[in-house]
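# Descriptive structure summary
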Amino acid sequence: MIQLKNIVKNYGQHEILRGVSLSVARGEVCVLLGPSGGGKSTLLRTINGLESFHSGEIQVDEIVLPAAGHSDREPALTRIRKRVGMVFQQFHLFPHRTVLQNVMEAPVHVLKQPKEQVRTLAKRLLDRVGLADKCDVYPGSLSGGQQQRVAIARTLAMKPEAILFDEPTSALDPRMTAEVTSVMSDLAKEGQTMIVVTHGLGFARAVGHQVHLLHAGQIAESGPPEMIFENPQTDVTKSFLSEIHQA
Amino acid sequence: MGTTSPDGTRNRLVRFCLLLGAITLFPWCDFATAGDGLEKVRKRGTLIWGADQEGGGPFVYPAEDDPNRLEGFEVELAQILAESLGVRSQFQQGQWDKLPDLLTRGDIDIVLNGYEWTPIRAERYGASIPYYIYELQLLGRQNDSTLKSWDDLFNPPDGKKKRVAILGGSAAQDYLEKFLGNRVEIANFDGVSDAMRAVELNADGIDANLQDLPIWTFYQGGFPQLTAIGDPVGRGFYVALTRKEDPELLQAINTAIFSALQDGRLRRVLAKYRMWNDTQSLRGLETNPQGCFVGMTTNTNENEAEAEQSYISVRGFSVVQQRGWLLVKAAGMTVVLAATAMPLAILIGLMMALFRLYGPWFLRIPATMYVELIRGTPLVLQLYVLFFLLPEIGITVNAFWAAVAGLALNYSAYEAEIYRAGLQAIPHGQMEAAQSLGFSQALALRRIIIPQATRIVIPPVTNDFIALFKDTAVCSVITVVELSKEYYIQARSTGAILELGLLTALLYLAMSYPLSLVAGRLEKRLMAEKRT
């Protein structure tokens, strides 16, 4: 469903991504692991255009997203963003809108769907993430875990074919992490395509279908979680896992 | 007819060249000058004369019993002039030093407000024969033993240079600079009565005032501690000014003044304001109905009974009662100006801020230049350009809209900077979140970024709104009479500086305080989103 072909990105002399290729099937939970600075988040953000890339190509279904500077890029991005949602580490809820309004905002104003229909959907989604009683409060009064669940509901309201998660639990304490992880696991069970950047090995092991380990802008190793965790093939993976376990 | 002769072709070519020349010269052409001033006055049925009420008695000032009615010898002279043109006279308020600009702009037909004849003015404008011969009177404090004569001014007995107050740009200034040079220090004032008050109070060390004699005669009663020093000096002429291009109108004005001198109408008006004196008599123009010269007409006793009460200061509560509502009405103008200009300023400012932050270079660069240019030039200059220079390229705006445009323009530069800061304060993640949900940049700005920035800018924008209320006062340079100008007019014609000043301050407070309250409430309500 999503293919990345030989993605390259530089910051001046510095190469952030050095030709990364990756493919995600429909219904797959794809986990990107790796040390900080390895390029995981950057790679994720290239998919919906929050980061540009200098060469290579991304394909989402039939939509082809070319490298920066290409005239076809903007129209492709507009279409991709309506199909691929994103959840951020820092939630980025709209503080001037209530929880319900946050969830309704995009379907009403981007997709121009009728308000009443969207309201019913939004309430159902908030109920699903366990926040039916918080519809009319402002995000500022919610805990981090609650905010992240609202953010997931906000993304789901667009009925995305795939969701990008950019370290969704890194700003949360363990209890709140569990709240969010459980919502994500439910989504995975329902067959939601997801690409998840995380440091949570537990989540990767329990929910992930494919794990890719990024190091220095390249994929060091790919495979199903049991293989990566039980039987790592490369030194990079081995040292990464041992560092994580020591920490 | 029907065929094109070679001459016709050449004519067309000539006309084309002339047109081309006209277009090239376009910015320098003066469109306000039609040269048919007299005809226009007759067609309109009114002679519009410009003066500044703030200058006060005996020229033009609000009547004591009815502040809506104008009094003053120039008011009556304007009636005489209009009558002899067969039209009615119509007063147009303008700031004194900007009256010639109003004339050029075409807002008024003549300037009639104690304008002295000077060679420069005579070159630039049509200057009528004088309707009054003024002299300058030196004034000092009665109890000041160091200033008893002009000699004391030349050689101060205590060796300290005297400080002399004068009306900026007046004949008195020219006289002092010419004859005393640097033997005295000159202090410039805007209002004639202010200069006298400064002497009386010895404010800022002011010792003396060189004043037009008719003004001193008129205000004498209001300043009991002042005294005239020496004989009047520096004779000169008050003349009416027309546009240079209106010689027929100038001729008609001259004829009217001359006949009013001849049949004694002008003498009676001047006598009414205690302005007739030997100097005027020496013109020797007045005849009786049979055409015989009447001789010296110095005896003004016959007029004493009906003589206009000269300056009496009206003080206390009664003046507030009588003139207060005029200030309230003028405050209405202040409110309308500010309330119209501020939303426009916010709108333009927001647009400029968006251009600077999100626009392509061809919007970003002009927007940056706009902000720097507008912020770097004074409001009064912007108003002046809008009102007086735009007509020269064929764009005429009336005073109210020029004032609104000037204020909106000026404040938009500040609002742009405030909004720029507000927009930049919104975390970048908000734009990313919106974009990841499929928002275009424009939609994200409209729905997500600008609403949040607006909450941030409420306090500084309110601050500017309150400042704008006070800055409307500057609009008096382009004839708009708002609260401050009305205060100056009324305070100077009554002397009730404190009483009317308190009322004016209260009115300004009544405008700005509710605004602070509303903004405070709004802020609290919007900030509540962050907590509840």
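Thresholds, definitions, all that
- All residue numbers refer to position in the chain's written sequence, counted from 1.
- As they are written, the chains are lettered A onward and the ligands numbered 1 onward, keeping that order.
- Thresholds applied to this predicted model are a pLDDT of at least 70 for local features of residues and 80 or more for the giving and counting of side-chain atom pairs; totals over whole chains, interfaces and linings are not thresholded and use all residues.
- Side-chain calculation: all heavy atoms of the structure are included, whereas hydrogens and water are not.
- Numbering of helices and strands runs from the N terminus; a helix is a DSSP stretch of H or I covering at least four residues, while a strand is a stretch of E covering at least two.
- Relative accessibility decides the category of a residue: with a 1.4 Å probe and only protein chains considered, values under 20% of the type maximum give buried, values over 50% give exposed, and everything between is partly exposed.
- Any two residues having at least one pair of non-hydrogen atoms within 4.5 Å are treated as being in contact.
- With residues, only the protein chains shown are counted as cover, and all accessible areas are computed by Shrake-Rupley using a 1.4 Å probe.
- Only strands that DSSP links by at least two bridges are regarded as paired with each other.
- Axis angles are defined between N-to-C directions and span 0 to 180 degrees, where every axis is a line fitted to C-alpha atoms and, for a helix, only to the segment in contact.
- Residues enter patches when their relative accessible area tops 30% and they take part in no salt bridge; the joining distance is 9 Å for like charges and 5 Å for the nonpolar side chains Val, Leu, Ile, Met, Phe, Trp and Tyr.
- Any carboxyl oxygen of Asp or Glu within 4 Å of a side-chain nitrogen of Lys or Arg constitutes a salt bridge here.
- Counting of polar contacts relies on pairs of N or O atoms within 3.5 Å, with two restrictions inside protein: one atom must be capable of donating a hydrogen and the other of accepting it, and residues adjacent in sequence are counted only when both atoms are side-chain atoms.
- Amino acid classes used here: Ala, Val, Leu, Ile, Met, Phe, Trp, Tyr, Cys and Pro are nonpolar; Asp, Glu, Lys and Arg are charged; the rest, including Gly, are polar.
- For classification, angles of less than 35 degrees are called roughly parallel, those exceeding 145 degrees roughly antiparallel, those between 65 and 115 degrees roughly perpendicular, and all remaining angles oblique.
- Should the near helix be turned anticlockwise from the far one by less than a right angle, the crossing is termed left-handed; should it be turned clockwise, right-handed.
- Note on definitions: the grid is 1 Å and covers protein atoms alone; a cavity is a set of points where a 1.4 Å probe fits but cannot get out; a pocket is an open set with protein on both sides within 12 Å along at least five of seven lines; lining residues have an atom within 4 Å of a point.
- Grid points are joined across faces, edges and corners, and a volume is the space filled by probe spheres set on the points.
- Here is the rule: rings of Phe, Tyr and Trp (six-membered ring for Trp) pair when centre to centre is within 6.5 Å. Planes less than 30 degrees apart are stacked, more than 60 are edge-to-face, and the remainder are tilted.
- Here, a charge over a ring is recorded when the distance from Lys NZ or Arg CZ to the ring centre is within 6 Å and its angle to the ring normal is within 35 degrees.
- Buried Ala, Val, Leu, Ile, Met, Phe, Trp, Tyr and Cys residues that are joined via side-chain atoms within 4.5 Å together make up what is termed a nonpolar core.
- An expected span of 1.5 Å times one less than the residue number is assigned to each helix.

The next subject is the overall build of chain B. Secondary structure assignment for chain B yields 21 helices and 12 strands. Buried positions account for 51% of the 532 residues belonging to chain B. Contacts in chain B between residues at least 24 apart in sequence constitute 76% of all its contacts with a sequence separation of at least 6. Element-wise, carbon and sulfur atoms account for 59% of the exposed surface of chain B, whose accessible area totals about 24700 Å².

All names here are of chain A. Pairing in this open sheet of four strands is antiparallel, and the strands run β2-β1-β4-β5 from one edge to the other. Looking at which strands have only one partner, the edges of the open sheet turn out to be β2 (14-24) and β5 (63-65). Averaged over neighbouring strand pairs, the angle between their axes works out to 20 degrees when direction is ignored. Summarising the sheet, strand β1 (residues 2-11) and β2 pair through eight bridges and their orientation is antiparallel. Within β2, the position partnered with V8 by the bridge is R18. Of the strands in this sheet, β1, β2, β4 (55-60) and β5 touch helix α1 (residues 40-47), which is tilted by about 60 degrees from β2. Taken strand by strand, helix α2 (residues 73-83) contacts β4 and β5, and its axis lies near 120 degrees from that of β5.

Looking now at the sheet that holds strand β7 (residues 132-141) of chain B. All names here are of chain B. Taken in spatial order, the five strands make up an open sheet running β9-β8-β10-β7-β11, and their pairing is mixed. Edge strands, defined here as strands with exactly one partner in the open sheet, are β9 (184-189) and β11 (226-238). Shown here is a sheet whose adjacent strand axes are inclined to one another by a mean of 25 degrees, direction ignored. Direction of pairing for β7 relative to β11: antiparallel, over a ladder of eight bridges. Bridge assignment links L138 to a residue of β11, and that residue is I229.

This part covers a nonpolar patch on the surface. Residues W361, F362, I365 and M369 of chain B make up a contiguous nonpolar surface patch of roughly 490 Å² in combined accessible area. On the secondary structure map, F362 of chain B appears in helix α15 (residues 361-375).

Here we take up the interface of chain B and chain A. Interface size is commonly expressed as the accessible surface area that is lost when the partners come together. Each partner contributes to the interface: chain B provides 20 residues, whereas chain A provides 24 residues. Here chain B and chain A share two salt bridges between them. Taking the shortest distance from any N to any O, the salt bridge between R447 of chain B and E105 of chain A comes out at 2.6 Å. Across the contact surface, chain B and chain A share five residue pairs in polar contact (both at pLDDT 80 or more). The set of elements that each furnish at least two residues to the side of chain B that touches chain A consists of α18 (428-436) and α19 (441-471) of chain B. Here the side of chain B that touches chain A is built from residues that sort into seven nonpolar, seven polar and six charged.

With that out of the way, let us pick up the packing of α18 of chain B against α19 of chain B. Residues and elements named next belong to chain B. At their nearest, the axes of α18 and α19 sit 10 Å apart, and the two run at 140 degrees to each other. Judged by the inter-axis angle, α18 sits oblique to α19. Between α18 and α19 the crossing geometry is right-handed. Here Q430, M431, A434 and Q435 of α18 come into contact with α19, specifically with Q441, A444, L445, I448, I449 and Q452.

Residue placement: A491 of chain B occurs in helix α20 (residues 483-494). As a C-alpha pair, A491 of chain B and T340 of chain B span 151 residues in sequence and 28 Å in three-dimensional space.

To continue, consider empty space enclosed by the protein. One pass over the structure, following the stated rule, counts one cavity of 30 Å³ or more. Quantified by volume, the largest cavity comes out at close to 80 Å³. Partitioning the lining of the largest cavity into residue classes produces five nonpolar, five polar and three charged.

Tallied over the full model, the rule gives 22 aromatic pairs over all chains. Taking 5.8 Å as the distance between ring centres and 90 degrees as the angle between the ring planes, the aromatic pair formed by W361 of chain B and F362 of chain B counts as edge-to-face. The class for W361 of chain B is exposed, based on a relative accessible area of 57%. The ring of F94 of chain A carries R154 of chain A above its face, with NZ or CZ at 4.5 Å from the centroid. It is R105 of chain B that lies over the ring of F387 of chain B; its NZ or CZ is 3.5 Å from the centre.

Moving on: the packing of helix α14 (residues 316-358) of chain B against helix α17 (residues 399-424) of chain B. All names here are of chain B. Closest axis-to-axis distance for the α14/α17 pair is 5 Å, and the angle between their directions is 45 degrees. In this view, α14 runs oblique relative to α17, as classed from their interaxial angle. Here α14 and α17 pass one another in a crossing that is right-handed. When the residues that make up the contact of α14 with α17 are grouped by side-chain class, the tally is 24 nonpolar, four polar and four charged.

In terms of nonpolar packing, the biggest core is built from 106 residues, with I2 and I195 of chain A together with F439 and I478 of chain B touching the most fellow members. Considering every element that reaches this core, the biggest residue donor is α19 of chain B, with 13 residues. With sequence-adjacent residues up to four places away left out, I2 of chain A is seen in contact with L22, S23, V24, I47, Q59, V60, A162 and I195 of chain A. Within the second largest apolar cluster, 71 residues are counted, among which are L153, A195, I229 and I257 of chain B.

Applying the stated criterion across every chain yields a total of 39 salt bridges over all chains. Across the pair R149 of chain A and E179 of chain A runs a salt bridge, and its minimum N-O distance is 2.9 Å. With R149 of chain A in helix α5 (residues 144-156) and E179 of chain A in helix α6 (residues 174-189), this pair connects stretches of sequence that are 30 residues apart. Since its relative accessible area comes to 11%, R149 of chain A is described here as buried. With its nearest N and O atoms 2.8 Å apart, the salt bridge here joins E417 of chain B to R356 of chain B. Highlighted residues: E417 of chain B in helix α17 and R356 of chain B in helix α14, separated in sequence by 61 residues.

Residue and element names in this part refer to chain B. Look at α20: 16 Å from first C-alpha to last across 12 residues, which is about the 16 Å you get at 1.5 Å a residue. In terms of burial, α20 is a largely internal element, 11 of the 12 residues being buried. Considered for burial, the residues of α20 that qualify are L483, S484, K485, E486, Y487, I489, Q490, A491, R492, S493 and T494. Its side-chain oxygen at 2.9 Å from the backbone nitrogen of S484, E482 defines the N-terminal cap of α20. Positive phi shows up at G495, right after α20, with a value of about 85 degrees.

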